[in-house]
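# A look at the structure
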Amino acid sequence: MHFRLNGRPVESAFDPTSPLLYVLRDEFALNGPKFGCGLGECGACTVLMDDAPARSCQIPLAAVQGHAVTTLEGLGTLEHPSVVQQAFIEEQAAQCGYCINGMIMQATGFLKQNPHPTRQEIIQAMDNNMCRCGTHLRILAAIEKAAAKGGV
Amino acid sequence: MASSPAYPGGPEPAGFEGPSGWTRRQFLFGAGALIITFSTAANLLARGAAAAAPPAPAVNPWAAPGVGYLGNGSPLSSWIAITADGRILISQSQPDVGTGAQTGMLQIAADELYVPFERVSMLPIDSSSANTGGVGGSTGVHRAGAAVRLAAATARETLRSLAAAALGVAGDTLVPRDGAFHAPDGRSVTYAQLVAGKQLTGNVDPNVHLRSSATYEVVGTPVPRIDIPAKLTGTGGPTDYLVNQRVPGMVHARLLRPPAYGAQLLSYDARPVLKMPGVVAVVPLDLDPEHVPGWNTSGITNMEMGQFVAVVATNEWAAIQGVQALAKTARWTAGEPLIPQPASNTYEYLATLPVFSTQVANARGSMVRGFSQASRQIAAEYSTPYLANAPIGPSTGMVWVKPGEVEVWSDSQNVFSTQTQVANLMGLPTSAVTVHNFPGSGVYGRGWNDDAVYEALFISRAIGLPVRVQWMRQEEFQWSTMQGPKFFRMRGGLNGNRVTAFQFDVYTDKDFGDTWMGQNGIAIAPLYTFPHISQVIHYVSNPMRKGLLRAVGAPSNCFAVESFMDELAYAAGVDPLEFRLSQLSDPRAIAVLTRAAEAAGWKAHTKPSGRGLGIATFFDPGAQTYVADVAQVAVDKATGQVRVERMYVGFDCGLVVNPNGVRLQIEGGTIQATSWCMKESVRYADGMVQTVDWISYPILHFSEVPEVVPLIIDRPDIPPGGVGELATMPVSAAIANAIYDATGARIRSWPFTPDKVKAALAAV
Ligand code: FES
Ligand code: FES
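Residues numbered from 1 in each chain as written. Chains lettered and ligands numbered in written order. Predicted model: local features only at pLDDT ≥ 70, side-chain atom pairs only at ≥ 80, totals over all residues. Heavy atoms only, no water.

## Some remarks on the overall build of chain A
Within chain A, the regular secondary structure consists of six helices and five strands. Over its C-alpha trace chain A gives a radius of gyration of 15 Å, about what one expects of a compact globule, namely 15 Å for 152 residues. Across its three principal directions, the C-alpha atoms of chain A cover 40 × 30 × 25 Å. Looking at chain A as a whole, 60% of its 152 residues are labelled buried. Considering only residue pairs separated by 6 or more positions, chain A has 59% of its internal contacts joining residues 24 or more positions apart. When the 11 positive and 14 negative side-chain charges of chain A are each reduced to one mean point, those points stand 7 Å apart. (Helix = DSSP H or I, 4+ residues; strand = E, 2+ residues; numbered from the N terminus. Rg over C-alpha atoms; globule rule 2.2 N^0.38 Å. Buried < 20%, exposed > 50% of the residue type's maximum accessible area, 1.4 Å probe, protein only. Contact = heavy atoms within 4.5 Å. Lys, Arg positive; Asp, Glu negative; His and termini not counted. Charge placed at Lys NZ, Arg CZ, Asp CG, Glu CD.)

## Observations regarding the packing of helix α19 (residues 659-679) of chain B against helix α20 (residues 731-743) of chain B
Residues and elements named next belong to chain B. As a packed pair, α19 and α20 sit with axes 8 Å apart at the nearest point and diverge in direction by 60°. Our classification of the angle between α19 and α20 gives oblique. Considering how the two elements wind past one another, α19 and α20 form a crossing that is right-handed. Counted together, T670, A673, T674, C677 and M678 of α19 and V731, S732 and I735 of α20 form the full contact between these two elements. For the contact of α19 with α20, a count of residues per class yields five nonpolar, three polar and no charged. (Axes fitted to C-alpha atoms, helices over the stretch in contact; angles between N-to-C directions. Parallel < 35°, antiparallel > 145°, perpendicular 65-115°, else oblique. Left-handed = near helix turned anticlockwise from the far one by under 90°. Nonpolar A, V, L, I, M, F, W, Y, C, P; charged D, E, K, R; others polar.)

## Re the interface of chain A and chain B
Opposite the 52 residues of chain A that make contact, chain B presents 64 residues. Contact between chain A and chain B buries roughly 4,800 Å² in total, counting both sides, with carbon and sulfur atoms accounting for 59%. Between chain A and chain B we count two salt bridges in total. Linking B:E667 and A:R138 is a salt bridge whose minimum nitrogen-to-oxygen distance equals 3.1 Å. Joining chain A to chain B, the criterion identifies 31 residue pairs in polar contact (both at pLDDT 80 or more). Elements with a contribution of two residues or more to the side of chain A that touches chain B: α1 (20-27), α2 (72-75), α3 (83-90), α4 (100-113), α5 (119-126) and α6 (136-148) of chain A. Per-element accounting of the side of chain A that touches chain B gives the leading share, five residues, to α6(A). (Buried area = accessible area lost by both parts, 1.4 Å probe. Salt bridge = Lys/Arg side-chain N within 4 Å of Asp/Glu carboxyl O. Polar contact = N/O pair within 3.5 Å; in protein donor to acceptor, adjacent residues only side chain to side chain.)

## Description of the domain arrangement of chain A
All names here are of chain A. One can read the domain layout of chain A as domain 1 (2-74) and domain 2 (83-148). The distance between the C-alpha centroids of domain 1 and domain 2 comes to 20 Å. Contacts between the two partners involve 19 residues from domain 1, matched on the other side by 15 residues from domain 2. Together domain 1 and domain 2 conceal approximately 1,300 Å² of surface at their shared face, both sides included; 55% is due to carbon and sulfur atoms. On the surface where domain 1 and domain 2 come into contact, there are one salt bridge. Between D51 and K112 there is a salt bridge, with the nearest N and O atoms lying 3.5 Å from each other. Between domain 1 and domain 2 we count eight residue pairs in polar contact (both at pLDDT 80 or more) in total. Only β3 (46-49) and β4 (52-55) provide two or more residues apiece to the side of domain 1 that touches domain 2. Residues that form the side of domain 1 that touches domain 2 fall into these classes: ten nonpolar, five polar and four charged. (Domains from an automatic or database assignment.)

## Quick look at the nonpolar core
In this structure, A:F88, B:I459, B:F502, B:F651, B:I735 and B:F752 are the most contacted members of the largest nonpolar core, which totals 192 residues. When residues in this core are grouped by element, the largest group, nine residues, is from helix α16 (residues 554-572) of chain B. Those residues in contact with B:I459 that lie beyond four places of it in its chain are B:A253, B:L255, B:V283, B:L285, B:A310, B:V312, B:V467 and B:V469. Among the nonpolar cores identified, the runner-up in size contains 53 residues, and B:I80, B:A147, B:F181 and B:V218 belong to it. (Core = buried A, V, L, I, M, F, W, Y, C linked by side-chain atoms within 4.5 Å.)

## Some remarks on helix α18 (residues 587-600) of chain B
Helical geometry note: an α-helix holds 3.6 residues per turn, so side chains three or four residues apart project in the same direction. Residues and elements named next belong to chain B. For α18, which comprises 14 residues, the first-to-last C-alpha distance of 20 Å matches the rise-based estimate of 20 Å (1.5 Å per residue) to within 8%. The set of residues buried in α18 consists of R588, A589, V592, L593, A596, A597 and A600. Down the axis, α18 shows its buried residues gathered within 165° of arc, on one side only. With respect to the buried face of α18, the exposed residues turned more than 90 degrees away are P587 and E598. (Expected span 1.5 Å × (residues − 1). Arc of directions from axis to C-beta.)

## Remarks on the domain arrangement of chain B
All names here are of chain B. By the assigned domains, chain B splits into domain 1 (21-231), domain 2 (242-335 + 395-470) and domain 3 (348-387 + 482-763). Facing 24 residues of domain 1, the contacting portion of domain 3 comprises 21 residues. Buried area between domain 1 and domain 3, summed over both chains or domains, comes out near 1,400 Å², and the portion from carbon and sulfur atoms is 58%. Contact with domain 3 buries area across many residues of domain 1, yet W62, S138 and H142 alone supply 37% of it, more than any other trio. Taken together, domain 1 and domain 3 are joined by zero salt bridges. Remark: the boundary between domain 1 and domain 3 carries nine residue pairs in polar contact (both at pLDDT 80 or more). Contributions of two or more residues to the side of domain 1 that touches domain 3 are made by α5 (101-113) and α6 (140-167). The class makeup of the residues in the side of domain 1 that touches domain 3 is nine nonpolar, twelve polar and three charged.

## Here we look at the pairing of strand β7 (residues 251-256) of chain B
Residues and elements named next belong to chain B. Taking burial as the measure, the six residues of β7 include six buried ones, the bulk of the element. Because side chains alternate across β7, one face comprises the buried residues V251, A253 and L255, and the other comprises H252, R254 and L256, equally buried. Here three bridges tie β7 to strand β18 (residues 467-470), and the two strands are oriented parallel to one another. Opposite H252, over in β18, you have R468 as the bridge partner. Here β7 runs beside strand β10 (residues 307-313); their pairing, made up of five bridges, is antiparallel. By the bridge assignment, A253 is partnered in β10 with V312. (Pairing = 2+ DSSP bridges.)

## Some remarks on empty space enclosed by the protein
All names here are of chain B. Considering all chains together, one arrives at eleven cavities of 30 Å³ or more under this definition. Within this model, the largest cavity holds a volume of roughly 620 Å³. In terms of lining, the largest cavity is formed by 48 residues, of which the most central are T99, A101, S138, Q665 and G724. Going through the elements one at a time, α5, α6 and α19 are the ones with two or more residues in the lining of the largest cavity. For the lining of the largest cavity, the residue count by class is 22 nonpolar, 22 polar and four charged. In this structure, the second largest cavity occupies an estimated 210 Å³ of space. Partitioning the lining of the second largest cavity into residue classes produces nine nonpolar, nine polar and five charged. (1 Å grid on protein atoms, 1.4 Å probe; cavity = no way out; pocket = protein on both sides within 12 Å on 5 of 7 lines; lining within 4 Å. Points joined across faces, edges and corners; volume = space filled by probe spheres on them.)

## A closer look at the packing of α5(B) against α6(B)
Residue and element names in this part refer to chain B. Relative orientation of the contacting elements α5 and α6 amounts to 25°, with a least axis distance of 8 Å. Looking at the two axes, α5 sits roughly parallel to α6. Between α5 and α6 lies a crossing whose hand is right-handed. Contacts from A101, G104, M105, I108, A109, E112 and L113 of α5 reach α6 at G140, V141, A144, G145, V148, R149, A152, A153, A155, R156 and L159.

## Notes on the sheet that holds strand β20 (residues 486-495) of chain B
Residues and elements named next belong to chain B. Taken in spatial order, the five strands of this open sheet run β12-β22-β21-β20-β13, and their pairing is mixed. In this open sheet, the two edge strands, each paired with only one partner strand, are β12 (357-364) and β13 (376-384). Each strand axis lies, on average, 15° off the axis of its neighbour in the sheet, ignoring direction. The strands that α16 touches are β13, β20, β21 (498-509) and β22 (532-540); relative to β13, the one it contacts most, it runs at about 150°.

## Focus: the environment of B:A319
Along the chain, the position of B:A319 falls in helix α10 (residues 316-329). If near-sequence neighbours (up to four positions away) are discounted, B:A319 is found in contact with B:H252, B:R254, B:V311 and B:A313.

## So, the sheet that holds β4(A)
Residues and elements named next belong to chain A. Strands sit in the order β2-β1-β5-β3-β4 across an open sheet of five strands; the sheet is mixed. In the strand order of this sheet, the two ends are held by β2 (8-11) and β4, each with one partner. Ignoring which end each strand starts from, the neighbouring axes of this sheet average 40° apart. Direction of pairing for strand β1 (residues 2-5) relative to β2: antiparallel, over a ladder of four bridges. Paired with F3 across the two strands is V10, which belongs to β2. Sitting on the sheet, α4 is in contact with β3, β4 and β5 (68-70), with an inclination near 30° to β3.

So, in structure tokens, the structure goes:
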């Protein structure tokens, strides 16, 4: 399978039925997308597929042929975080942080589609991303901050 | 050894590079760059002593919570080291489970050593770390932080003596500033210059002079957490999550588990699975020591027993598919019959089971006298169900069994118990077992059971490769430890507006989790000035596998106690806030209640309007922290739907080391506990847990999260108390009391589901 991964063309030799999550983690050794449920219920594995948030545990590798996949690593770096990552850091929007890959990816995709959301729209967009630590209020504040800065 | 490479021939120095840029290997072996070494052997001795010896009496209350970790003498060099360029490396063993406790500890170290925060860093945690135990019980800053404070202060005073000798002046004329000692004549010498070529010797001094809290510069400021930027950018590396640790040659295992508790494996066919691409091995696991020679489980608490089959593969998807294929061939016996779960999901039946022991958690005065002084008696019963820890990331562990030694990669809450237990299982000395600790998903107590590590150990022992086990979502819900249910019988005697007798009986399991409950049980009543109190725990035996969940039973105890306080207040015809305040004498308890009530605009409603406020409070004598909640709710009387709109949290944990950290723990604890009591309960039937995912075991969603208003009372003159678990305690009682205030309906069991609220409304 050929697709673009974080801006670069790549080729995967994995089983085309494999969910994209395991391809990203095991073949490309990426750290952002996390296994949470493998059921599409929690959001921990979220990536962007052609700029839209997608749950990588639910997408077979075959379905990404020809598409562009972006992971947390593709947004920004420790030195140059993306606007959304920077907002999460400033708001200290993480406890264990295990869910936060999904939160940042979901928020990034959402803000690309709706750059000036209301708080209610943000809540709706994030409602099916699970967090056990109760970091929700910080996550909402971070997304509002990123939106106010007008970027992703 | 902690200093060995991650794998033979691997890039070992980088494998243990700390946040400071210094590697563990350089650190331990000098490499010409480092001056002080950790004395691992002495540290091991100290660890044994710390476990065995009672805490020595300490004069200074700021030091007292940490003294227990020093045993009969703990070498300074195992706690603290100074690099040639003046950076300070701290060692301690409590993993940061997302509370920011390590950042707080480093703030303390920076202040005691008079250096900027940027100059201190924490070494990665492994089985050679200085022993501050495991993480739990809100002890991070409170206890481990106090030990770090002692170590840092001892280092400062040791450096002062060296500086005095170097400059030829009296030590007490020297002023520490910015990593150097300054003499009155203007000369100065840096810490790095002082230790060059020498080792700091001596033990951490439990009576060392501590810096006055009034002069702290770093403590008390909202220093950003050290771990957040890397976690949010997916940087990988040795300080990243356990799940991101990859060892070349590592294989992935997934497990086939029984379809019901107690089901025995009759047969399976590995042949078709072994033909699948990527599959390396199929390994039957039997964790029962009676079946496995050399597998010694003695001394291991709450190990999961049973028979499983592991499919080992080069990648995760192959292992997952292998398990699915294997399941089709496996035959099992029927499981063990379980006590059926009550349809009501309340647990009155616990009081009908044989009680095999009782524990008096708290006793004051006499129940006979207390009730004889009462003009009225009130009684009520409460219950809480099975709860899942339900971490977002399921259990993971990685183990490599090599000839004569074992290397473990784990997110366990206690590296030393993981090390001891792995050594026990393998019949090896602990020195042959190295445990590396990494951040994990927030598991809230689950991390005291190393299931995935034991499983990876068993598999690696069979195949000799580094084996990574990760549980699937359903396994985490079905096979993890969980918090057991509880049933409470409360009885109170009232005379006018005073409580004369307060009787609390709880029926619960005596399993790993609940043996700790006595301590938390004590935490509830004594603050009230009731003359007669009895709190008794009745231990029964009940199905399912129990373990620790954040705050270990105290939130459910507090639910019963503080709901009942409300019932007593209404019976006495007194405002619930007034009722509490009038029977408290501790000014800190009064202050948190008053603060929360004022912020919420406290006013108990006389006529139910569908909107209401409820109050509840808690004091933890172990953590030395006070908390009081006012919940604001809106109840839709037609549907029974409760919306928790806002939680006001009065909070006094003494000196606030990091205001942002404390705020975040208040937010997180409050939201998590709201989730427990509003939504959660493990359901089982047919010998197996039936709540297996986020649909059948829902937790709070964004749209259901209350606004949280932290109201922190900073007390710079009181040593820092515990924080991590505290905010969870009064939440459910405050919400239940608010539902009563809003509707007149009293809810006496978790979760407060619409059906239950509707039924209670119908009975009003
Ligand atoms: S892991 Fe993909 S949604 Fe949970
Ligand atoms: S921060 Fe721990 S799960 Fe969200």
